Amino acid sequence: MVCVFPSMVMAFTDYLKGQNDYLRQFLGYENTYLNHLLNLEIPPTNLSCDSCSSFEARFRCLDCYGRRWLCQGCLIDCHIHHPFHRPQQWKDGSFENVSLCDLGYVFKLGHLSSSRSCPEDDDMFGDRRMTVIHVNGIFEHCVRFCKCLGANSEHLQLFNHRLFSSSFDRPETAFTLDVLEYYGIDSMECKTSAQSFFQKLRRVTNNAFPDDVPVRYNCHLFYSILLLIFNNRTDTTS
Ligand SMILES: [Zn+2]
Ligand SMILES: [Zn+2]
Ligand SMILES: [Zn+2]
């Protein structure tokens, strides 16, 4: 019988040695990393918009790749297809989280794929403020449904944009299919309860004050929707 103990000890020693080497190397860079981290939290010296150059810019987006510095109009234009990005505004000497909705972003349903505008697009009074839950947080959005003759019902319009509505009559909350899929994996691998997952999303949205995150429903509704989806999936796969 081959004794594997010495080789296991050697492998573990190598592992610790590698880990220690890494930490020792990092200590040499510690202050450099801290300085670069602080530099990420100051605005550029040139405050003009990276996109139009014509206005003084005050916004950046944490989810866009690259460090772009944008005015409000260009920020909205750049996010037509990215409603779940999280912009920040430089205000009174620091960056503050702001929502695309509060800056004038309208979440349009119905005609984006064909690049046509809904004839009812100018009917601002038909817009509805909704809560939309995605993997990176809980968002408020001003949603504009298609009102053309023969248009799908509101919950189906949402579903065609990969959003699952919490109500079939007058939706005020919707979940992206991504977050439902993500929860399925989270509960399988990490045994996360619906309540903990929901609380995690609130903290991702506002780490300092998670209870301030506005929600139009409680986690029991979230739990019901998850049960509905995942029980059905179990039924169909068993
Ligand atoms: Zn601009
Ligand atoms: Zn972005
Ligand atoms: Zn329409």
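Calculation rules
Residues numbered from 1 in each chain as written. Chains lettered and ligands numbered in written order. Predicted model: local features only at pLDDT ≥ 70, side-chain atom pairs only at ≥ 80, totals over all residues. Heavy atoms only, no water. Helix = DSSP H or I, 4+ residues; strand = E, 2+ residues; numbered from the N terminus. Buried < 20%, exposed > 50% of the residue type's maximum accessible area, 1.4 Å probe, protein only. Contact = heavy atoms within 4.5 Å. Areas by Shrake-Rupley, 256 points an atom, 1.4 Å probe, with all protein chains shown as cover. Donors = N, O, S within 2.8 Å, 3.2 Å for Na, K, Ca; no water. Tetrahedral: all angles 85-135°; square planar, octahedral: opposite > 155°, others 65-115°. Salt bridge = Lys/Arg side-chain N within 4 Å of Asp/Glu carboxyl O. Pairing = 2+ DSSP bridges. Axes fitted to C-alpha atoms, helices over the stretch in contact; angles between N-to-C directions. Disulfide = S-S within 2.5 Å. Phe/Tyr/Trp six-rings, centres within 6.5 Å; stacked < 30°, edge-to-face > 60°.

1. So, the overall build of the protein chain
When helices and strands are tallied, the protein chain shows six helices and eight strands. Ordered by position from N to C terminus, the α and β elements of the protein chain give α-β-α-β-β-β-β-β-α-β-β-α-α-α. For the protein chain, buried positions account for 33% of its 238 residues. Across the protein chain, every contact between residues at least 6 apart in sequence was considered, and the portion connecting residues at least 24 apart equals 50%. Of the accessible surface of the protein chain, which amounts to about 15,700 Å², a share of 56% is contributed by carbon and sulfur atoms.

2. Structural notes on the coordination of the zinc ion (ligand 2)
The protein atoms that coordinate the zinc ion (ligand 2) are Cys-61 (SG), Cys-64 (SG), His-79 (NE2) and His-85 (ND1), at distances of 2.0 to 2.2 Å. Classification of the site at the zinc ion (ligand 2) as tetrahedral follows from its four donor atoms and the range of 104 to 117° in their angles at the metal. Donor residues for the zinc ion (ligand 2), ordered by position in the chain, follow C-x2-C-x14-H-x5-H. Of the two residues, Cys-61 is situated in strand S1 (residues 59-61) and His-85 in the loop between helix H2 (72-78) and strand S2 (87-91); the sequence distance between them amounts to 24 residues.

3. A word on the pattern of salt bridges
Within this structure, the stated rule accounts for 11 salt bridges. For Arg-129, the salt bridge identified is with Glu-140, shortest N-O distance 3.5 Å. On the criterion of sequence distance, the pair formed by Arg-129 in strand S5 (residues 128-134) and Glu-140 in strand S6 (residues 137-144) is long-range, its members being 11 residues apart. The class of Glu-140 is buried, set by a relative accessible area of 16%. Each of Asp-102, Arg-129 and Glu-140 takes part in one network of salt bridges that share partners.

4. Focus on the sheet that holds strand S7 (residues 163-165)
The strand order S4-S6-S5-S8-S7 describes an open sheet built from five strands, whose pairing is mixed. Among the strands making up the open sheet, the edge pair consists of strand S4 (106-108) and S7. Averaged over all neighbouring strand pairs, the angle between strand axes comes to 45°, with direction disregarded. With three bridges connecting them, S5 and strand S8 (residues 173-176) associate as parallel partners. In the sheet register, Ile-133 faces S8, and the bridge partner there is Phe-175. Against the sheet, helix H4 (residues 177-190) contacts S5, S7 and S8, and its axis sits at roughly 65° relative to S8.

5. A word on the state of the cysteines
Covalent bonding between the sulfur atoms of two cysteines is what defines a disulfide. All chains considered together, the criterion is met by zero disulfides. With no disulfide of its own, Cys-78 has Cys-74 as its nearest cysteine by sulfur position, at a separation of 6.2 Å.

6. Brief notes about the packing of aromatic side chains
If you walk through the whole model with that rule in mind, you get eight aromatic pairs. Look at Trp-69 and Phe-95: their rings are 6.0 Å apart centre to centre, the planes differ by 85°, and that puts the pair in the edge-to-face class. With Trp-69 in the loop between S1 and H2 and Phe-95 in strand S3 (residues 94-97), this residue pair connects regions lying 26 residues apart in the sequence. Looking at Trp-69, the relative accessible area reads 4%, which means it is buried. Pairing Phe-84 with Phe-107 gives two aromatic rings, centres 6.2 Å apart and planes at 50°, and the pair type is tilted. Of this pair, Phe-84 sits in the loop between H2 and S2 while Phe-107 is found in strand S4, placing the two residues 23 residues apart along the sequence. Given a relative accessible area of 14%, Phe-84 falls into the buried group.

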